[in-house]
Number of protein chains: 2
Amino acid sequence: MAEYPNSFQKLLDSFRRLPQVGNKAAIRFVYAVLSMSDEEVRVFAENLVKIKQSLRKCKQCNNLCEEELCNICKNPARDYGTICVVTSSKDVVAMENVGQYQGVYHVLDGEISPSKGVLPDDLHIANLLLKIDDRVKEVIIATNSTVDGEITAMYISKLLNGKPIIVSRLAHGIPIGGQLDYADERTLIKALEGRTRY
Amino acid sequence: MAEYPNSFQKLLDSFRRLPQVGNKAAIRFVYAVLSMSDEEVRVFAENLVKIKQSLRKCKQCNNLCEEELCNICKNPARDYGTICVVTSSKDVVAMENVGQYQGVYHVLDGEISPSKGVLPDDLHIANLLLKIDDRVKEVIIATNSTVDGEITAMYISKLLNGKPIIVSRLAHGIPIGGQLDYADERTLIKALEGRTRY
């Protein structure tokens, strides 16, 4: 195998740590970096370091944000009576892009997965329960339509059982085995409209 | 559209400048960075900045390297009598991976392209000619088999015309493992013209 110069190989290795980036793509990325201006590369490096320093979890919903509360939890126009429970903050973005949902979110930061050893206590489930007060009318469980997502949905719905709220689940539209952040907008709208009671 | 936190959007924008990286891939990359350790991200950022500082062009062949001469030009075991002329240092790596070529290289850093306004003077053609001395026996022109690559090959072969050296071009034909009915007509004609005896 040909040897790349040391600094080339190192950046190539860094790019290869990104998801779905193979050797060929990583090489293309390194050449792209080489053709960028010094300033552009400096900004790129700065953005990498800054994101780790600036981003934190919203105190209320665990969504990614830069302040104590995320933009959604801070927004007085949102309906605090409806909580959409999602696996990750990626899913918040996917839902927000649809522009139909007016409630707030609760990010679990994962899914219960017996096979991967992820237990309910590893997720933000306990503080979801603490949030259920008189104001809350509905909890929409919008975990992925995968095995782990369904287990998580089932688990949460059982915990909420007996509370005087509607517990619903996104229904039609999400393909079985599909992940929420891969769904197109129309599918997401359908899923939101057709949500069913647990 | 949902708004990402500022630092998230900035890194997303940086990733989107990489070739063939769309919005979905860039988002996946940002999340991957968020799940990396602080140290890993610091190294990534450092690698980005370092490559611009450390990499330069080999004084002899214009290949990417970190010292005055690249590893190939520095290697006394290489055959300095054969020069393989390529478009970019990517092609040096492709050729080296084959592990069959023992000569040295000359990187043009582009191809003559009338449509893109790239003229012979914009490439490292003049210093290729200066390199042709008594030691050189053969120049293999290995530019791409595209219109620009062929123009460049033709131009260089004409400049070398009259020198007491062999000027050759990589063979055209059916790729190994390729199917005849998938080959385009011009490839088939070239393959037929260049047929070799068993």
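Residues numbered from 1 in each chain as written. Chains lettered and ligands numbered in written order. Predicted model: local features only at pLDDT ≥ 70, side-chain atom pairs only at ≥ 80, totals over all residues. Heavy atoms only, no water.

1. Considering the pairing of strand β4 (residues 103-107) of chain B
Residue and element names in this part refer to chain B. Here β4 lies mainly inside the structure; five of its five residues are buried. When strand β3 (residues 79-86) meets β4, the two strands line up parallel, connected through five bridges. Note that in β4 the partner of I83 across the bridge is V104. Handedness of the crossover is the feature at issue here: the chain leaves β3, passes through helix α5 (residues 89-98), returns alongside β4, and the resulting connection is right-handed. (Buried < 20%, exposed > 50% of the residue type's maximum accessible area, 1.4 Å probe, protein only. Helix = DSSP H or I, 4+ residues; strand = E, 2+ residues; numbered from the N terminus. Pairing = 2+ DSSP bridges. Right-handed = clockwise from strand over helix to strand, strands pointing away.)

2. Re the nonpolar core
Residues F15(A) and F15(B) are the most contacted members of the largest nonpolar core, which totals 47 residues. Considering every element that reaches this core, the biggest residue donor is helix α2 (residues 23-34) of chain A, with eight residues. For F15(B), the residues in contact, after removing those within four places along its chain, are L18(A), F44(A), L48(A), V21(B), A26(B), F29(B), V30(B), V33(B) and F44(B). In this structure, C73(A), A94(A), V107(A) and L160(A) belong to the second largest nonpolar core, which totals 39 residues. (Core = buried A, V, L, I, M, F, W, Y, C linked by side-chain atoms within 4.5 Å. Contact = heavy atoms within 4.5 Å.)

3. Describing unusual backbone geometry
Backbone geometry at N62(A) places phi at a positive 70 degrees, although glycine is not the residue there. Of note, N62(A) is situated in the loop between β1 (56-57) and β2 (64-65). The class of N62(A) is buried, set by a relative accessible area of 5%. Phi at Q20(B) is positive, roughly 60 degrees, even though this residue is not glycine. Here Q20(B) lies in the loop between α1 (6-16) and α2 (23-35). Given a relative accessible area of 70%, Q20(B) falls into the exposed group.

4. Some remarks on the interface of chain B and chain A
Counting residues at the interface gives 48 residues for chain B and 50 residues for chain A. Taking both partners together, chain B and chain A bury about 4800 Å²; carbon and sulfur atoms supply 69% of that area. Ranking the residues of chain B by area buried against chain A places R28(B), L48(B) and K52(B) at the top, with a combined share of 14%. Between the two partners, chain B and chain A, sit four salt bridges. Between D38(A) and K52(B) there is a salt bridge, and its shortest N-O distance comes to 3.9 Å. (Buried area = accessible area lost by both parts, 1.4 Å probe. Salt bridge = Lys/Arg side-chain N within 4 Å of Asp/Glu carboxyl O.)

5. Structural notes on helix α1 (residues 6-16) of chain A
Among all positions of α1(A), only S7(A), F8(A), L11(A), L12(A), S14(A) and F15(A) are buried. The arc that holds the buried residues of α1(A), viewed along the axis, is 160 degrees, so those residues lie on one side. Check the buried side of α1(A) and you find it contacts α2 and α3 (38-54) of chain A together with α3 (38-54) and β2 (64-65) of chain B. (Arc of directions from axis to C-beta.)

6. Some details on the packing of aromatic side chains
Under the defined criterion, the tally for this structure stands at eleven aromatic pairs over all chains. Aromatic side chains F44(A) and F15(B) sit 5.4 Å apart centroid to centroid with 85 degrees between the ring planes, which places their arrangement in the edge-to-face category. With F44(A) in helix α3 and F15(B) in helix α1, this residue pair bridges two chains. You'll find F44(A) and F15(B) in the same group, each marked buried. Considering the side-chain rings of Y4(B) and F8(B), the 4.5 Å spacing of their centres and the 5 degrees angle between planes classify their relative orientation as stacked. Grouping residues by exposure puts Y4(B) and F8(B) together as buried. Ring pairs connect the aromatic residues F15(A), F29(A), F44(A), F15(B), F29(B) and F44(B), which therefore count as one cluster. The residue whose ring lies beneath K90(A) is Y31(B), and the NZ or CZ to ring-centre distance is 4.9 Å. (Phe/Tyr/Trp six-rings, centres within 6.5 Å; stacked < 30°, edge-to-face > 60°. Lys NZ or Arg CZ within 6 Å of the ring centre and 35° of its normal.)

7. Comments concerning the sheet that holds β4(B)
Residues and elements named next belong to chain B. The parallel open sheet is built from four strands, whose spatial order is β4-β3-β5-β6. With one partner strand each, in any of the chains shown, β4 and β6 (166-169) form the two edges of the open sheet. Each strand of the sheet is rotated relative to its neighbour by a mean of 25 degrees, with strand direction disregarded. Sheet strands touched by α5: β3 and β4. Its angle to β4, the strand with the most contacts, is close to 160 degrees. Its contacts with the sheet place helix α7 (residues 147-160) against β3, β5 (138-141) and β6, and it is angled at close to 170 degrees to β6. (Axes fitted to C-alpha atoms, helices over the stretch in contact; angles between N-to-C directions.)

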